[in-house]
Amino acid sequence: MKHILVINSSLNLESSHSTLLANQLAHHLSEKYQASINSQDLSTHDLPHLTQFEMNAWMTDPSERTSEQQALCEISDTYIGQIKRADTIVIGMPMYNFGVPSTFKAWVDRIARAGITFQYTPEGPKGLLQNKKVIVVAARGGMYQGTPKDTQTSYLKDFFGFIGLTDVDFIYAEGLAMSDKETSIAAAQAKIQQY
Ligand SMILES: Cc1cc2nc3c(=O)[nH]c(=O)nc-3n(C[C@H](O)[C@H](O)[C@H](O)COP(=O)(O)O)c2cc1C
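Residues numbered from 1 in each chain as written. Predicted model: local features only at pLDDT ≥ 70, side-chain atom pairs only at ≥ 80, totals over all residues.

Re the overall build of the protein
Stated precisely, the cut-off is as follows: Only DSSP runs of H or I with at least four residues qualify as helices, and only runs of E with at least two residues qualify as strands; both kinds are numbered from the N terminus onward. C-alpha atoms define the radius of gyration, and 2.2 Å times the number of residues to the power 0.38 defines the globule rule. Field definition: a residue is buried when 20 or more other C-beta atoms are found within 10 Å of its C-beta, exposed when 12 or fewer are, and partly exposed for counts in between, with C-beta atoms placed from the backbone.
A tally of regular secondary structure across the protein gives six helices and seven strands. For the protein, the sequential pattern of α-helices and β-strands runs β-α-β-α-α-β-α-β-β-β-α-β-α. What you see for the protein is a C-alpha radius of gyration of 17 Å, in line with the 16 Å of a compact globule of 195 residues. Expressed as lengths along the three principal axes of its C-alpha atoms, the size of the protein is roughly 55 × 40 × 35 Å. In the protein, buried positions account for 32% of the 195 residues.

Structural data, given as structure tokens:
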């Protein structure tokens, strides 16, 4: 059986366009490929910023970790385990202040782990994950796709590529704070149906 992991991070919860569209894509794929769905809404996870203490816990031998260190390691281990189990990762992605939500960045900081999801070699960094498709469903108030101001797209491609996930597609719903948001949402939904 195939497994789909959905990562949402909009603070708008059920009125979020990115969450709605990402969930629609996941259900479409799930019906088409008889896949299971594991849906995670990071805006409800209360993930703190990564600290030196948490990073040191990762680097402490498991047999020597305190229970506090072990509990911190389990945050990252759980998120990485969810990615490893998935064949397809659907990301519901709002644009906040030209970037990603801070909750999503806190998740990214738990996913990039030396020796587990990437490693440095004499030739440079090497991603340790492979054979997974990532589909980002991006919702934005303005219109930035294809312009130099859309650093969110290149950031997401760079991050997923860094951990070995180079097959990354994007579906955009843009201009949602502008006049014709229905057309933009309908176009995104039409793209979803093409998967
Ligand atoms: C804190 C915040 C910052 C935002 N920053 C931007 C921005 O930089 N560019 C933009 O096009 N839209 C911006 N918006 C609008 C959102 O991208 C838009 O409302 C989008 O639909 C959010 O996704 P959601 O519907 O899944 O919550 C911002 C919204 C919020 C709440």
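Further notes follow.
As for the site of the ligand
Filter applied, for reference: In this text, near has one meaning. A residue is near a molecule or strand if its C-beta atom, placed using the backbone, is within 6 Å of it. Each residue gets one of three labels, nonpolar for Ala, Val, Leu, Ile, Met, Phe, Trp, Tyr, Cys and Pro, charged for Asp, Glu, Lys and Arg, and polar for the others, Gly among them.
The immediate surroundings of the ligand are formed by 17 residues, with Ser-16, Ser-18, Pro-94, Gly-141 and Gly-142 found nearest. Element by element, the count of residues in the shell around the ligand is highest for helix α1 (residues 17-33), at three residues. Grouping the amino acids of the shell around the ligand by side-chain chemistry returns seven nonpolar, nine polar and one charged.

Overview of the nonpolar core
Note the cut-off: For this analysis, nonpolar core means a set of buried Ala, Val, Leu, Ile, Met, Phe, Trp, Tyr and Cys residues linked through C-beta atoms within 7 Å. By definition, residue pairs are in contact when their C-beta atoms, positioned from the backbone, come within 7 Å.
Formed by 38 residues in total, the largest nonpolar core has its most connected members in Leu-21, Ala-22, Leu-25, Val-90, Ile-91, Val-136 and Val-137. Listed by contribution, the elements that provide at least two residues to this core are β1 (3-8), α1, β3 (88-94), α4 (102-111), β6 (133-139), α5 (151-162), β7 (167-173) and α6 (181-193). Apart from residues no more than four positions distant in its own chain, Ile-91 is found in contact with Ile-7, Ala-22, Val-134, Val-136 and Val-137.

Observations concerning the packing of helix α2 (residues 52-59) against helix α3 (residues 67-85)
As a reminder, the rule being used: To obtain each axis, a line is fitted to C-alpha atoms, and for helices this fit is confined to the stretch in contact; angles are then taken between N-to-C directions over 0 to 180 degrees. To sort the angles, those under 35 degrees are grouped as roughly parallel, those over 145 as roughly antiparallel, those from 65 to 115 as roughly perpendicular, and the leftovers as oblique.
Interaxial distance between α2 and α3 falls to 9 Å at its minimum, and their mutual angle equals 90 degrees. In this view, α2 runs roughly perpendicular relative to α3, as classed from their interaxial angle. Seen from α2, the contacting residues are Glu-54, Ala-57 and Trp-58; seen from α3, they are Gln-69, Leu-72, Cys-73 and Ser-76.

Digging into the environment of Met-178
Counting through the fold element by element, Met-178 comes out in the loop between β7 and α6. By the C-beta count within 10 Å, which is 12 here, Met-178 ends up exposed. In the structure, Met-178 is positioned 38 residues away from Arg-140 in sequence and 9.9 Å away in space, judged by C-alpha atoms.

Things to note about the sheet that holds β7
For the record, the criterion: Here, strands pair whenever DSSP counts at least two bridges between them.
Strand order in this open sheet of five strands is β2-β1-β3-β6-β7, and the pairing throughout is parallel. Either end of the sheet is taken by a strand with one partner, and the two such strands are β2 (36-41) and β7. Sheet twist, expressed as the average angle between the axes of neighbouring strands with direction ignored, equals 15 degrees. Pairing analysis gives five bridges linking β1 to β3, with the strands arranged parallel.

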